Amino acid sequence: MNWPDAFLAALRSLDRRAGRAALTVLAVALAAALLSALLIVSTAARTRVLDQLAKGGPLAGIQVAAAAPGPQALDADTPRPGRPRDIDADAVRRIRALRSVRSVVTLESNPVLAVAPSAAIQPFQDTLAGLDLRRVRTLPITVIVGRSPTPDSLTEVAVTEGYLRRVGLTRATAAKAVGTEVEIGAPRSFPSSRDRIDVRGRWTRAEIVGVVAQQAIDAQFLGSRAMVRAARAWTAQSDPDSGFELPSSRYAGLFVVADGLDRVGSARASITRLGYSTSSPENLIETVRRYLRVVEIVLAGIGLIALAIAALGITNALLAAVRERRREIGVLKAIGARDRDVRRIFLIEAGITGLIGGLVGTVAGYGIARILGAVVNQYLVDQGLPGVGIGLPALVVVGGVLGSAMLAVLAGITPAQRAARLPARQAMGDA
Amino acid sequence: MMRGRAVRLLAATLVVIGSACSRGSNATVPPTRRGPNLTYVAIGNGETAGNSVKNRIRSAWPQIVYRTVFPRSAIFVNLGQNSVTIDEAAASQLPVALSLAPDVVTVELTDDTFLTRDATGYQAKLERFVQRLQRGGRTRVILGNIPPGDREPGVLACTPNPPAGSGPCRIGSGFDIDASNARDAEFNQAIAAAAAASAVPLVDLHAAFLRARAAGNEDAFYAGNDFSPNEAGHAFIARQFEPAVRAALKSRP
Amino acid sequence: MAGVPISVRDVSMRYSTRGGAVEVLADFDLAVDAGERLAIMGPSGAGKTTLLALIGGLEAIQRGSIVVGGTDLAHLHGDALAAYRYQTVGFVFQHFGLLGNLSARENIELAMSFGGRSSRDRRARAQLLLDAVGIAHRADHRPAELSGGESQRVALARALANEPRLLLADEPTGNLDGETAERVLELLDRTAADSGATLLTVTHDPAVARRFDRIIQLEPRVIAS
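All chains use their own residue numbering, which begins from 1 and follows the written sequence. Chain labels run from A onward and ligand labels from 1 onward, assigned in the order the entries are written. Reporting of local features is limited, given that this is a predicted model, to residues whose pLDDT is at least 70; pairs of side-chain atoms are given and counted only at 80 or more, and all residues count toward the totals for whole chains, interfaces and linings. Hydrogens and water molecules were not included; the side-chain quantities draw on all heavy atoms of the structure.

Side note on the overall build of chain B
Piece 1. Secondary structure elements are defined from DSSP: runs of H or I of at least 4 residues count as helices, runs of E of at least 2 residues count as strands, and each element is numbered from the N terminus. Within chain B one finds eleven helices and five strands.
Piece 2. Partly exposed describes any residue whose relative accessible area lies between the buried limit of under 20% and the exposed limit of over 50%, with all areas from a 1.4 Å probe on protein chains only and scaled to the type maximum. For chain B, with 253 residues in total, the buried portion stands at 53%.
Piece 3. Throughout, a contact is declared for two residues whenever any of their heavy atoms are within 4.5 Å. Residue pairs at least 24 apart in sequence account for 77% of intrachain contacts in chain B once pairs closer than 6 positions are excluded.
Piece 4. Carbon together with sulfur atoms contributes 55% to the accessible area of chain B, which is approximately 11,100 Å² in total. Surface accessibility in these figures is a Shrake-Rupley result with a 1.4 Å probe; residues are shielded only by whichever protein chains are displayed.

Rendered as structure tokens:
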């Protein structure tokens, strides 16, 4: 019996037991959908992380403090900085010129007085930090809730967890801060004498549009560079004899993006040689990568277990079919079928089941991954981050469709073998 | 140590995975429309600075005016200072105000009533002050006059029959309320004349407080043994200024 | 195509059952001439079907020898045995043995698919056979849609598909009513005669048996081990 005839016979056999075949296909499809969705999502997540790590991004970011390097400057992700050291335009230029550095974003800051909406909270002094917010997605700034301020806005700020604590909120309730207004005053001291005034604020009002994690910014307010520069311009006119302490460094810090994770170490070493304290999550990220790998393995394991269960389902269904079709198999042999003809028909049945199940499952898995991707992208866009492209990797297609078919064929070997070995005498019924 | 590191690793891992697998909060805010970049400067005395309120940043009347009348994009500087003559303000507050090129300025310089007591000279100085502030019409200036002082608790404490619960007299028991009222009236005439001469609006706080007195509300604007209004008084003053400031914003060049 | 002679010598068959060993054939001898039409009778358990299965190559010979057309079946195994069944034997079963998922035509074509015949050839031959057994109008119906008589006609056509030299029929009319059985027997007779094939038919019915050239009677032999 040639392959097309065997294929046709197998197809007819499946057609005759359409209900059972559909259930078996469904089991394979579900397993394949689960496996392919997990693979697609984890591939997308991994691609994104690798992209960040390899091409430079928040995870390849180095924070440079306006301080000299402390002891064990390069041994730890976040070493203790040494004595204060100003970062000026020249320092920025020299760091930017380093070979292992992809880009440098300057962080500027100014002391501010702040008035929270609730009258129960006393006005307080803290810091307004500002940077080029167009670059925020390349920086290690995590938006906890809401979004980061628009790049040129003078009326939007994000707050950090310090502000939340001050107004009695937590990470869990951080959303309550979003949408509220805060009054921010840049201070300026005047010479203290009878006919002069002392400290006066230049007040602005800003809407809190998001809450960001504080690990990268030592300030309670994050705004646009224009906002902090305007505040700085006012405060900078303070009377030098007033005793009002202003930061002498032009830049409060720098965010340096290395040319990939493998360059973070050399970039940090170069910046340290220039005399500045650095910190970066390189050790942490390397460990995260390993954790991610473990998660991938676990996810793939779950999918494979599902597929193995589906394979057992195929075996079971085919064994049942063999039991039911003993006489039919005997008849096939009586009219000339060889053992291998019978085996071939059963294996093709299993293969078709796996192929259809794998195809349906992979398509469904892709659909599920797209839905998940849409949800994830909504979240990322909310965070001011680029979305994740959910593609259909060739490996997943091959793994999902052909893998399912192959697994089904493997699952069909035992039933097919059993069918092939049935004596032809079965054609005449039991003796 | 190990535990802390493990927690950090776990948190970082969850953040990375979470960024791929979870949905965050919907608490997002649409981008703010940029309004006009207005600048409002308050020039004035101790009341302008927010004296006698617990929290001047929150409760001083110019801060309230800024908060309630101006768009979010506006900038505000309060230059008010305690016990300042118009000459002193011309030296300390006026240059700073001019450097800010303000769109709206409120002027409440009334301490000359007890510091120089020269209403005639004051009027001329105020007119010059206002004219310089106006910057050829680019700045809208609003003048405020002197509220009646005869119900201030610090003043009542120095009368022959102080109200029950009054504190000690701190300005001398010979304080002549009638003479003080007469000086206030003289200065208010000077302020009104300066406003008219400079064609700037006048916020008649004196009349407003008398209306409040007639309605039995005035005493609530003062607290303790003070000469300056409390939070309620500042809110009242802010309400008197608000229509004029709104009008000034509308008439801005 | 001429039929094949059959020589059965000293054949014994014994089955193990829960109740003990059952010997259905003991030192059984039989000689059938080429083209002879033989009826095999006997009570249940006498070994009629077993004899048919042995001659048809459906069951391995335990003892003795069976030579069909010069081929000693004891020497055939695996593919060679399958080839023997395909090339030499045509089976007609009491239960028809049609595959329910195939139409009448496809059942006939299926029997020709194990020998490398082209699909066009198979189709043409199937049509010929359907015409010959008078069932062409039901060619595309599945067995469940056919009556017993129609099913057995299809089964007969299938048995003839590969032009067998030996036709083995196991109670071919056992599931048919009298009139239908008669028509099927006539058809079996006619087709066997036309093809010249040797015909062995197991039957309980003496009336059926009398239509054949020769009748052999098997006796039950049961020996508890």
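A look at helix α9 (residues 177–198) of chain B
All names here are of chain B.
Piece 1. Its 22 residues place the ends of α9 31 Å apart at the C-alpha level, agreeing with the 32 Å of an ideal helix rising 1.5 Å per residue.
Piece 2. For α9, the full list of buried residues reads I177, S180, R183, D184, F187, N188, A190, I191, A194, A195 and S198. Each buried residue of α9 sits inside an arc of 160° when the element is viewed along its axis, so together they form one side. Among the exposed residues of α9, those oriented more than 90 degrees off its buried face are D178, Q189 and A196.
Piece 3. Where α9 is buried, its residues meet α6 (112–115), α7 (119–134), β4 (140–144), α8 (153–156), β5 (202–203) and α10 (205–214).
Piece 4. Throughout this description, a polar contact denotes any pair of N or O atoms lying within 3.5 Å of each other; where both atoms belong to protein, one of them has to be capable of donating a hydrogen while the other can accept it, and for residues adjacent in sequence the pair is counted only when both atoms sit in side chains. N-capping of α9 is provided by D176, with a side-chain oxygen placed 3.0 Å from the backbone N of D178.
Piece 5. Two residues or fewer past α9, A199 is found with a positive phi of approximately 55°. The span you would expect from a helix comes to 1.5 Å times its residue count less one. Note: the arc covers the axis-to-C-beta directions of the helix.

Things to note about a nonpolar patch on the surface
All names here are of chain A.
Piece 1. A contiguous nonpolar surface patch, about 540 Å² in accessible area, is contributed by L355, I356, V360, L392, V397, V398 and L402.
Piece 2. Mapped onto the nonpolar patch, the elements with two or more residues apiece are α9 (339–382) and α10 (394–421).
Piece 3. Looking at where V360 falls in the secondary structure, it is placed in helix α9.
Piece 4. Judged by its relative accessible area of 45%, V360 falls in the partly exposed class. For patch detection, residues must exceed 30% relative accessible area and be free of salt bridges, and they are connected within 9 Å for like charges or within 5 Å for nonpolar side chains (Val, Leu, Ile, Met, Phe, Trp, Tyr). Take a side-chain nitrogen of Lys or Arg and a carboxyl oxygen of Asp or Glu: if they are within 4 Å of each other, that pair is a salt bridge.

What about the state of the cysteines?
Disulfide: a covalent bond formed between the sulfur atoms of two cysteine residues.
Residues and elements named next belong to chain B.
Piece 1. Note that a disulfide, as used here, is simply two cysteine sulfur atoms within 2.5 Å. A complete count under the given rule lists one disulfide over all chains for this structure.
Piece 2. Put simply, C158 and C169 are joined by a disulfide, and their sulfur atoms are 1.9 Å apart. Because the sign of the S-S torsion sets the handedness, a value of about 100° for the bond joining C158 and C169 places this disulfide among the right-handed ones. Pair noted here: C158 is in the loop between α8 and α9 and C169 is in the loop between α8 and α9, with a separation of eleven residues, a long-range link.
Piece 3. The buried category is assigned to C158, whose relative accessible area is 4%.

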